[in-house]
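# What the coordinates show
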Amino acid sequence: MELKGYGLLAEALYRAGVRFVVGRDSDGLGPCFSDMKRREGVIALTPKGDISGAFMAYGNTYYRHYPAVVLASTPADMVNSLAGMGTAWGDKIPIFIITLKKERVTGFALPGDAQRVFLRPFCKWSGEIRKAVDIPRVVGQGFREAGRGCHGPIHLDVDEDALRETVGLPAERVGEFVDRGLGDLEFRVVEGDERLIEKALKLLRAAERPLLLAGGGVVHAQAWEEMDALVRALEIPATTSMAGEGCVYGDNPFFIGGPSYVGGESFHRAVRRADVVMAVGASLGGLEGFGRPPFWNPDIRFIQVEVDPARVALNVPVEVAILGDAKAVLAKMLEMVKAGAYKPNPLHKVWLEHLLWVRKRWRERVEKEAHGRWPVIHQGFLARTVKENCPEGTFFVIDGGNTALWAGMFCMDHRPKSALFPAGMGTLGSGIPLAIGIKAADPERPLVVMQGDGSFLYNVQELVTAREMGLSFVIVVFNDGTWNMIKGAQDLFFGARRFGSMLGDIDYASIARGLGCYGRRVTRAEDVAPAFREALEAGGPAVVDVVVDPDNFPENLISFAVVEFEGVPINPLRAVGIPKMKIDRRLISRAKYALNVLLDLDLR
Amino acid sequence: MKFLNGGDLVALTLAQEGVELFVGIVGGQLLPFFDAVGRDPRLRLVVPRSEAAGAMMTDGYSRSSRRVSVNMSTVGAGVIYAAAGTGYSWGDHVPILSISPQVQSWKMYPAQESLQGCYQGDMMEGITRWRCIVYNWKRIPQLISRAVREALSGEMGPVHVDVPVDVFYEFHPVTEKGLKRLLPPPGTTRFSGSYFPEASTLREALSIMERSERPLIVAGACVMRHGAWDALAKLADRFEAPVISTRGTISVAVQEDPFYAGIMGHAALPVAERALRQADLVLALGTTLEETAELVDRVDGDRALLVQGSPEPERLGVFSEVKLGLAADAVSLCRSLAEGIVGESSIRRSWTRACREEYLRSCEVLASDAEGDSVGRAVVALGRALSPKDRLVLDGRSSFYWGSVLCPPRAHNSRFFSAGLEGCGYGLPMALGVKLAFPQDRVVALCDTEALFQHLRELETSRRESIPVVVAVVGEPHDWRSVAEGFGVSGYSIATEGELLDALRAHGEGAGTVVLDLTGFGS
Ligand SMILES: Cc1ncc(C[n+]2csc(CCOP(=O)(O)OP(=O)(O)O)c2C)c(N)n1
Ligand SMILES: [Mg+2]
């Protein structure tokens, strides 16, 4: 059979290392999809809902640290990919999307390059292939772009004629031709400047209250080992940004909690009182309070380790900027520390102990509250119970509003590659398709989705996909019958008028069973553990639908609200109304949290 | 005196514009808008389970009622889902209004990594007619009215408005009088009259038409959007020309119309293609011809003349060279042409009859093919069970292939198919939207299995929001009855025509949404 553009594209993707493709074997890119499907070790998947495809690619790319591919043949495929593409962009995940360019308009309404217009905001690079012989070269370029600097999605727009074209190459030369075209796919690492590293170390040592912050850049550079080791070597308190979760290990004696505000009062205390902060692969965006008041000390002197010069000082003034790949810079720093360039400052110990004390105090309070004796199940209790009953090494996928915060408080191992929440966009409904992408990469690893009820239905049809693929994981639905995170804001700012935020009593276990999966509803605290263990054994995607308290909310929600509504005028008259909130002890706890983090107090 | 925030002002303006349906999922930055919509008894708020489906619901409502409806989706996460539905509306020129908050106005451009902050307006650029960002509280009425105007103008289509969170929440004291000054009086914000073709061009068109022996009228999306079916029927009758529809405009005519000759782009109806090739004049009405590009290929420029009518002068001749372009709204265009045409033509009459007969023959062929096909048999039964007033949404390849012919329209504006983006899955949410527009009518979604999976979750919406529709599934076998029951709606596995009628009766007697699994029909 003679080689066509389709085959060449599949060959190039395969040789570049692609092992996960979503698409269809019909329509324009169908032949390429079918070709990939036939190849050893490749998972070529057709989701039940077209919107899920890019999310699955995201999950797989995140886990494998290698781009997965979305094949979008029709204009509908392209618009359906946007939710996943935007989510990947928000978290700097380098997925590949390949669209089909048709030279003439043939029967559909998108003009020739519309896909370039609407994908542009979410792709860091867009390439075009017009001739079959160019396929390997442009694919190679795309891969280099995906992994260079700050990562992000890549778009290839392929002319249909190029795919139909016959490539006059003898079979035995194809491999060589493709490899030459792809070129070197090893991503070049930018090393840090030693003098700047020295300067940074000096600044840290001289600080009274220094803080280390690991960001998403550490995850993308797979530099968690180096990060964790550096923290231990410098003996400086450390935390992570939302995206950097897992890069300072939970058992690290200098870890003061996190990620970001999910770490509660100790995180706030740290950023409120720190005088020098070294941010590694973190640009201090909205999820970290922009590195500025009201949460951060305005006089912090920042050191930033960043791979992309354009992201240096994005949100805060930076005194020492070290340009380089997180892995290389951290390794070098560690080497220099070991060679004697840095001696831990004994004064930092007091600062560390203070932060650990704040952490302990806060953890005790939230843990004490998360017990099983509330009239309706407490979300904290549910999250804790799941964590206590899951197998060692369980991966947590998190999807929801408040649910995500509860899971963040009670389920984190603080280990690399152990939990995922698409924090940049906070896209509801990502959970099931992300779980499928991850399970496809590592089928043996136990996985649990911590799932908000509102979010659960977005991509619920993929339960069928997961079942058909034979993937087993458990979905724990936090069924509070409401879009709770938003309902909370209505209670506070809109007189508890809950327009559009109440979903009511919906039986999600029944929906799961209808889709041929395990589904069990739980309403009593004592049934949580047995039901969860049963679900672990059930095989396939298994849903535990737990009725939880709609009048409960996690206290660190307050931190998010303060940043997201910073500078926004709130009309107090609008807020007047009869609160429907249940008044109990928990409200006092929330009030203490608010005072502690806003006024820097130590209320117990 | 009242304190009005940005959300109030958006809702008040839209209420004044006559908008009634608001579909969306909450988000913190959207709350002033939700609160205003919720408190206004004139406005209906519907909560879907995905913003993508929300946009498709507004599509169904606006497509069928020809009124604007609003899709609300939160910053970033919400808008990227909504884009899927908005794209479908773009493909079919459906006037929906997408409104979203943005992060604080001082953090939008350039983006600085705000939670959910992204260039959402830019993303919408490829799939909306018009976009804007409302930076100034005072400009809300003006820009919202304009958005409605843009959606409803010309060819129509979706528009998108971003309102930064600070503008949504900003509040000011407003007196009754002040409010009057702020809000434009009803009926003063857009042209609602008729847009007639220019006289000399019209004369030229008429003279071309009068010379034609084998004319063919193609009815494009704007004929539907402008509600020009009666005017079109009159034109076809006077001019004695056959009419073919596009895939998106099936119910521009009814099956009994003696001039109706089929659907372009339907594999089993070669008549439409043949007529295109044999015609000496193609009158493409209410279309930019992008949806009919197939047509452009088949019209032999030396032999046939292409006369195009579009409400937007600048869109004439864009996708193909035309002999003559007429700028007018579809109703006025059809009327002017119908009134201007003089003289009968027996040649045209017999050509029309030939086209019509051929069309009916292909329908018969397809009906007899259907006997040997499991989907076909199910669709035939469904077609028999439907009453003329029922509204039917077709979703998926085989649904369209069989349903468009075997459940032919017996009333105008009663068939809905989203042709523009070659996608599927909108069937259920679109049916919910159609039902919201026509609560008295029975609305049926005929979906392929593959298509129904896409937005299956909206069964929950139909139940929670009490929007009862009939969902009929064909194609790949799946246990749809269990799926339906899982969602708490009635599911039926249907093997016979009797069972089909029983299930439809149950729906009529208040059983709410029913899912009819026809994948095992006749077996
Ligand atoms: C796609 C999308 N739509 C809307 C939002 C706004 N939003 C943020 S949290 C939330 C509530 C989520 O509800 P649920 O999943 O039930 O979690 P809960 O807060 O109740 O725990 C909503 C609607 C969003 N982040 N993403
Ligand atoms: Mg909830």
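Conventions and cut-offs
- Residues numbered from 1 in each chain as written.
- Chains lettered and ligands numbered in written order.
- Predicted model: local features only at pLDDT ≥ 70, side-chain atom pairs only at ≥ 80, totals over all residues.
- Heavy atoms only, no water.
- Near = heavy atom within 4 Å.
- Polar contact = N/O pair within 3.5 Å; in protein donor to acceptor, adjacent residues only side chain to side chain.
- Areas by Shrake-Rupley, 256 points an atom, 1.4 Å probe, with all protein chains shown as cover.
- Helix = DSSP H or I, 4+ residues; strand = E, 2+ residues; numbered from the N terminus.
- Contact = heavy atoms within 4.5 Å.
- Buried area = accessible area lost by both parts, 1.4 Å probe.
- Salt bridge = Lys/Arg side-chain N within 4 Å of Asp/Glu carboxyl O.
- Nonpolar A, V, L, I, M, F, W, Y, C, P; charged D, E, K, R; others polar.
- Buried < 20%, exposed > 50% of the residue type's maximum accessible area, 1.4 Å probe, protein only.
- Pairing = 2+ DSSP bridges.
- Phe/Tyr/Trp six-rings, centres within 6.5 Å; stacked < 30°, edge-to-face > 60°.
- Lys NZ or Arg CZ within 6 Å of the ring centre and 35° of its normal.
- Domains from an automatic or database assignment.
- Donors = N, O, S within 2.8 Å, 3.2 Å for Na, K, Ca; no water.

## A short note on the site of ligand 1
- Close to ligand 1 lie 25 residues, the nearest being N402, T403, D453 and S455 of chain A together with E51 of chain B.
- Of the chains in the model, those with residues near ligand 1 are chains A and B.
- Contact distances for ligand 1 include 2.6 Å between an oxygen atom and a side-chain N or O atom of T403 of chain A.
- One nitrogen or oxygen atom from the side chain of S455 of chain A is found 2.5 Å from an oxygen atom belonging to ligand 1.
- In the complex, 97% of the free accessible area of ligand 1, which totals 590 Å², lies under the protein chains.
- Looking at the shell around ligand 1, the elements that each hand over two or more residues are α16 (402-410), α18 (453-456) and α20 (484-493) of chain A together with α4 (77-91) of chain B.

## Considering the side chain of H220 of chain A
Residues and elements named next belong to chain A.
- Turning to its location among the elements, H220 is positioned in helix α10 (residues 216-220).
- At a separation of 3.3 Å, a polar atom in the side chain of H220 contacts the main-chain carbonyl oxygen of D91.
- Ignoring anything within four residues of it in the chain, the contact list for H220 reads H65, D91, K92, I93 and H151.

## A short note on the interface of chain B and chain A
- Each partner contributes to the interface: chain B provides 78 residues, whereas chain A provides 85 residues.
- Of the roughly 6600 Å² buried between chain B and chain A, counting both surfaces, carbon and sulfur atoms make up 62%.
- The interface formed by chain B and chain A contains seven salt bridges.
- We note a salt bridge from D27 of chain A to R397 of chain B, for which the minimum N-O separation is 2.9 Å.
- It is α4 of chain B that contributes the most residues to the side of chain B that touches chain A, nine residues altogether.
- Residue composition of the side of chain B that touches chain A, by class: 33 nonpolar, 22 polar and 23 charged.

## Points about the pairing of strand β13 (residues 305-310) of chain B
All names here are of chain B.
- Of all six residues making up β13, five are buried, and the element is well covered by its neighbours.
- Where strand β12 (residues 281-285) and β13 come together, five bridges link them in parallel fashion. By the bridge assignment for β13, A284 is matched with Q308.
- Bridge count between β13 and strand β14 (residues 324-327): four bridges; the pairing is parallel. Paired with Q308 across the two strands is G325, which belongs to β14.

## What to know about the pattern of salt bridges
Residue and element names in this part refer to chain A.
- Applying the stated criterion to the full structure yields 81 salt bridges over all chains.
- Across the pair K332 and E191 runs a salt bridge, and its minimum N-O distance is 3.7 Å. Of this pair, K332 sits in helix α13 (residues 326-341) while E191 sits in the loop between α8 (171-182) and α9 (194-206), and the two are 141 residues apart along the sequence.
- The partner of R365 in a salt bridge is E555, and the shortest N-O contact between them spans 2.6 Å. Of this pair, R365 sits in helix α14 (residues 348-369) while E555 sits in the loop between β17 (541-547) and α23 (557-564), and the two are 190 residues apart along the sequence.
- Each member of the salt-bridge network shares a partner with another, and the members are E265, R269, R273, R361, R365, E369, E555, R590, D600 and D602.

## A few points about the packing of aromatic side chains
- Applying the stated criterion to the full structure yields 26 aromatic pairs over all chains.
- With a centroid separation of 5.7 Å and 20° between ring planes, the pair formed by F33 of chain B and F168 of chain B is classed as stacked. In this pair, F33 of chain B is assigned in helix α2 (residues 31-39) and F168 of chain B in helix α7 (residues 165-169), connecting sequence segments 135 residues apart. Taken as a pair, F33 of chain B and F168 of chain B share a single burial class, namely buried.
- Ring plane angle 25° and centroid distance 5.1 Å describe the contact between Y109 of chain B and Y119 of chain B, whose orientation is recorded as stacked. With Y109 of chain B in the loop between β5 (96-102) and α5 (120-123) and Y119 of chain B in the loop between β5 and α5, this pair connects stretches of sequence that are ten residues apart.
- Taking relative accessible area as the criterion, Y119 of chain B reaches 22% and is therefore assigned partly exposed.
- Through pairs of rings, three or more aromatic residues link up here, namely Y261, F267, F295, W296, F302 and F560 of chain A.
- Taking NZ or CZ as reference, R363 of chain A lies 5.4 Å from the ring centre of F410 of chain A, over its face.

## With respect to the domain arrangement of chain B
Residues and elements named next belong to chain B.
- Assigned domains of chain B: these are domain 1 (2-182), domain 2 (199-366) and domain 3 (371-517).
- Between the C-alpha centres of domain 2 and domain 3 there is a distance of 30 Å.
- Facing 20 residues of domain 2, the contacting portion of domain 3 comprises 17 residues.
- For the domain 2 face of the interface with domain 3, the top three residues by lost area are R247, I250 and L366, together amounting to 34%.
- At the junction of domain 2 with domain 3, the criterion picks out zero salt bridges.
- Between domain 2 and domain 3 we count six residue pairs in polar contact (both at pLDDT 80 or more) in total.
- Within the residue set of the side of domain 2 that touches domain 3, elements represented by two or more residues are α11 (229-239) and α15 (346-371).
- For the side of domain 2 that touches domain 3, the residue count by class is twelve nonpolar, four polar and four charged.

## A look at the coordination of the magnesium ion (ligand 2)
Residue and element names in this part refer to chain A.
- The protein atoms that coordinate the magnesium ion (ligand 2) are D453 (OD), D480 (OD) and T482 (O), at distances of 2.1 to 2.3 Å.
- Every donor residue of the magnesium ion (ligand 2) comes from the same chain, spaced as D-x26-D-x1-T. Highlighted residues: D453 in helix α18 and T482 in the loop between β15 (473-479) and α20, separated in sequence by 29 residues.

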